[in-house]
Amino acid sequence: MREEEKKQPSQNFLKRRWAYPAIYLASAAIIITGILWYQAGNDVNEKAKDYSYDGVPTDNEFNQPAEEVNRSLENFVMPVSSPEDTVIEKQFYDTEASAEEQEAALVVYGNMYYPNQGVDISKDGKEFDVLAAMSGTVTKVQEDSLLGNTIEIEHSKGIVTRYQSVKDFEVAVGDVVDQGQAIAKAGKSLFNEEAGVHVHFEIRKADVAVNPMEYFNKSLATLQEAQLEDKKVSGEQPDAAAAEENAVEDQASENKATEDKATEEKDAAEENKSTEEKQDQAKPKQESKDNADVKDEE
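Residues numbered from 1 in each chain as written. Predicted model: local features only at pLDDT ≥ 70, side-chain atom pairs only at ≥ 80, totals over all residues. Heavy atoms only, no water.

Let's shift gears to the overall build of the chain. The helix and strand tally for the chain stands at six helices and 13 strands. Per-residue burial over the chain gives 30% buried out of 298 residues. Put simply, of all contacts in the chain between residues at least 6 apart along the chain, 65% involve residues at least 24 apart. Accessible area of the chain: about 20200 Å², with a carbon and sulfur share of 50%. (Helix = DSSP H or I, 4+ residues; strand = E, 2+ residues; numbered from the N terminus. Buried < 20%, exposed > 50% of the residue type's maximum accessible area, 1.4 Å probe, protein only. Contact = heavy atoms within 4.5 Å. Areas by Shrake-Rupley, 256 points an atom, 1.4 Å probe, with all protein chains shown as cover.)

Together, Glu264, Glu265, Asp267, Glu270 and Glu271 make up a negatively charged patch on the protein surface. Assignment of secondary structure puts glutamate 264 in helix 6 (residues 240–297). (Patch = residues over 30% accessible without salt bridge, like charges linked within 9 Å, V, L, I, M, F, W, Y side chains within 5 Å. Salt bridge = Lys/Arg side-chain N within 4 Å of Asp/Glu carboxyl O. Lys, Arg positive; Asp, Glu negative; His and termini not counted. Charge placed at Lys NZ, Arg CZ, Asp CG, Glu CD.)

On to the pattern of salt bridges, then. Considering all chains together, one arrives at seven salt bridges under this definition. For the salt bridge of lysine 90 with glutamate 194, the shortest nitrogen-to-oxygen distance reads 3.5 Å. On the criterion of sequence distance, the pair formed by lysine 90 in strand 1 (residues 87–90) and glutamate 194 in the loop between strand 11 (182–186) and strand 12 (199–205) is long-range, its members being 104 residues apart. Residue classification places glutamate 194 among the exposed residues on the basis of a relative accessible area of 65%. A salt bridge links glutamate 202 to arginine 162; the nearest nitrogen and oxygen atoms lie 3.6 Å apart.

Our focus in this paragraph is the pairing of strand 2 (residues 106–109). Across the two faces of strand 2 the burial differs, with Val107 and Tyr109 buried and Leu106 and Val108 not buried at all. Counted along the chain from strand 2 to the antiparallel partner strand 3 (residues 112–115), the turn is two residues long, and its residue glycine 110 has a positive phi close to 60°. (Pairing = 2+ DSSP bridges.)

Below, the discussion takes up unusual backbone geometry. The residue aspartate 124 is not glycine, and still its phi comes out positive at about 55°. Following the sequence through the fold, aspartate 124 ends up in the loop between strand 4 (119–122) and strand 5 (129–131). Of note, asparagine 149 is a non-glycine position whose phi angle comes to about 75°, a positive value. Looking at the secondary structure, you find asparagine 149 in the loop between strand 6 (136–142) and strand 7 (150–156). Given the relative accessible area of 17%, asparagine 149 is considered buried.

Turning next to the packing of aromatic side chains. One pass over the full model with this rule turns up four aromatic pairs. Note on phenylalanine 201 and phenylalanine 216: the rings are 5.9 Å apart at their centroids and 15° apart in plane angle, and the pair reads as stacked. Highlighted residues: phenylalanine 201 in strand 12 and phenylalanine 216 in the loop between strand 13 (208–210) and helix 5 (220–225), separated in sequence by 15 residues. Of the two residues, phenylalanine 201 and phenylalanine 216, both sit in the buried class. Taken together through their ring pairs, the aromatic side chains of Tyr109, Tyr114 and Phe191 make up a single cluster. (Phe/Tyr/Trp six-rings, centres within 6.5 Å; stacked < 30°, edge-to-face > 60°.)

In this section: the nonpolar core. The biggest cluster of nonpolar side chains holds 35 residues, and the ones touching the most others in it are Phe76, Ile151, Tyr163 and Ile183. Those elements that provide at least two residues to this core are strand 4, strand 7, strand 8 (159–164), strand 11, strand 12, strand 13 and helix 5. Membership of the second largest hydrophobic core comes to six residues, among which are Tyr109, Tyr114, Leu147 and Phe191. (Core = buried A, V, L, I, M, F, W, Y, C linked by side-chain atoms within 4.5 Å.)

In this section: the sheet that holds strand 11. Taken together, the three strands give an open sheet; going across it, the order is 5-11-9, and neighbouring strands pair in antiparallel fashion. Taken across any chain shown, the strands that pair with only one partner, and hence form the sheet edges, are strand 5 and strand 9 (166–167). Judged from the two bridges that link them, strand 9 and strand 11 form a sheet pairing that is antiparallel. In the sheet register, lysine 167 faces strand 11, and the bridge partner there is lysine 185.

Next up on the list: the environment of threonine 137. Positionally, threonine 137 belongs in strand 6. A sequence separation of 41 residues divides threonine 137 from aspartate 178, and the C-alpha atoms of the two residues are 9.0 Å apart. The residues contacting threonine 137, other than those within four sequence positions of it, are Glu152, Ile153, Glu154, Gly174, Asp175 and Val176.

Another point: the pairing of strand 3. With four bridges joining them, strand 2 and strand 3 adopt antiparallel strand pairing. Bridged to tyrosine 109 within strand 3 is methionine 112.

Turning to the confidence of the model for the chain, a few remarks are in order. Mean pLDDT over the chain works out to 78, with 63% of the residues at or above the 70 mark. Taken together, the stretch residues 50–64 has pLDDT below 50 and engages in four contacts with residues farther than four places along the chain or on a different chain. (pLDDT = per-residue confidence, 0-100.)

Within the secondary structure, aspartate 144 is located in the loop between strand 6 and strand 7. Buried charge without a salt bridge: aspartate 144, with lysine 140 as the nearest opposite-charge side chain at an N-O distance of 7.0 Å. Within polar-contact distance, the side chain of aspartate 144 engages the backbone nitrogen of leucine 146 at 2.9 Å. Among the polar contacts made by the side chain of aspartate 144, one reaches the main-chain amide nitrogen of leucine 147 at a distance of 3.1 Å. (Polar contact = N/O pair within 3.5 Å; in protein donor to acceptor, adjacent residues only side chain to side chain.)

Right under this line is the structure:
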């Protein structure tokens, strides 16, 4: 009798009309909640992956943006250590400078005058390390007998620094260099022999040379924002082939002038000799005539 009384409440619950629908709804709610929780967990994981990956497959996806940020914070510096110990052998040819300053910024080679497209830096005629003026990527390493070898480093699209009259390359095309890193040693060039051991340094934007002295200790952004339409200097440096051709022509002209002068001197000498011979021949005749006149007088 007591056992039947204990079972009676549960049996009464199941006999109610809403018992089974309630159990069904509760079970469905639990299942749906579990599904939603699982999906939410997957979405969180996917979002976490998106934040750690920029969608561009690179070998160094984290360092590259950092390099660009660091580069934008750098200022152009002289491509040498201890700039206070250097001498500017020849300044940049500035179209707005005085006539005297422009004349001093001309390079004479092969009887031609070329406006200096950068600055020529030396250290009392001694060799020294040439340093990268700003971080960037090496885009050109070229041997050049006339200009004394060339290195170009790109720092931003269209903005490069150029280093000429160098030797003992320490970088290759494609290398990423840091500001202040040694890239070569200063040397000599045929184009500007009077500068001795030096480095010819240029800063260019869209292949237009700018005065490096105006951009030392200034950021890359300053040059990016500069308007250079009226700053282009006419008269680029000669390339080795053209310069050699000019030198050959100049030598040929000089040889011809020397030959012409020698011919003129030879002709003048022969003419003088001929005149002297005529005078010598005429002298005995004159003496004979004089003697005959004396006899007639006697």
